[in-house]
Amino acid sequence: MKRPAILAVLLLGASASVVAIGLTVLSNWFFRGQAGISGDQVARLVILGFVIGTMPLGLLWARSRKRDR
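The rules behind the values
Residues numbered from 1 in each chain as written. Predicted model: local features only at pLDDT ≥ 70, side-chain atom pairs only at ≥ 80, totals over all residues. Heavy atoms only, no water. Helix = DSSP H or I, 4+ residues; strand = E, 2+ residues; numbered from the N terminus. Buried < 20%, exposed > 50% of the residue type's maximum accessible area, 1.4 Å probe, protein only. Contact = heavy atoms within 4.5 Å. Expected span 1.5 Å × (residues − 1). Patch = residues over 30% accessible without salt bridge, like charges linked within 9 Å, V, L, I, M, F, W, Y side chains within 5 Å. Areas by Shrake-Rupley, 256 points an atom, 1.4 Å probe, with all protein chains shown as cover. Salt bridge = Lys/Arg side-chain N within 4 Å of Asp/Glu carboxyl O.

Describing the side chain of Asn28
Working step 1: Looking at the secondary structure, you find Asn28 in helix α1 (residues 3-32).
Working step 2: By relative accessible area, which is 9% here, Asn28 ends up buried.
Working step 3: Apart from residues lying up to four places away in sequence, Asn28 is in contact with Gly33, Gln34, Gly36 and Gln41.

Dropping the structure here:
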């Protein structure tokens, strides 16, 4: 796997985490009237963002393993 692909996946995961946190704060503000987020929610969203971000890396890896055969 090439380093630019890994860097792109990490950037995708980080940006997905930031977007998820931002959307959660906005929805809390809109529906509950509080523009806040708990530490547990931040941790869950960061993990979820990196899971979503690493999916393309896994797909690229599986595709490259398939081509080697």
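Additional details are given in the paragraphs that follow.
A look at α1
Working step 1: The end-to-end C-alpha distance of α1, which contains 30 residues, comes to 43 Å, matching closely the 44 Å that a straight helix rising 1.5 Å per residue would cover.
Working step 2: Among the residues making up α1, those that are buried are Val9, Gly13, Ser17, Thr24 and Asn28.
Working step 3: Among the residues trailing α1, Gly33 stands out with phi positive, at a value near 80°.

Observations regarding a nonpolar patch on the surface
Working step 1: A cluster of nonpolar side chains, Val19, Leu23, Leu26, Trp29, Phe30 and Phe31, forms an exposed patch at the surface whose accessible area comes to about 750 Å².
Working step 2: Positionally, Val19 belongs in helix α1.

Remarks on the environment of Gln34
Working step 1: Relative to the helices and strands, Gln34 is located in the loop between α1 and α2 (39-68).
Working step 2: Separated by 14 residues in sequence, Gln34 and Ala20 place their C-alpha atoms 17 Å apart.

Focus on the side chain of Ser17
Working step 1: Following the sequence through the fold, Ser17 ends up in helix α1.
Working step 2: Discounting residues that sit within four places of it in the chain, Ser17 has contacts with Leu45, Val46, Gly49 and Phe50.

The analysis is restricted to geometry; functional conclusions fall outside its scope.
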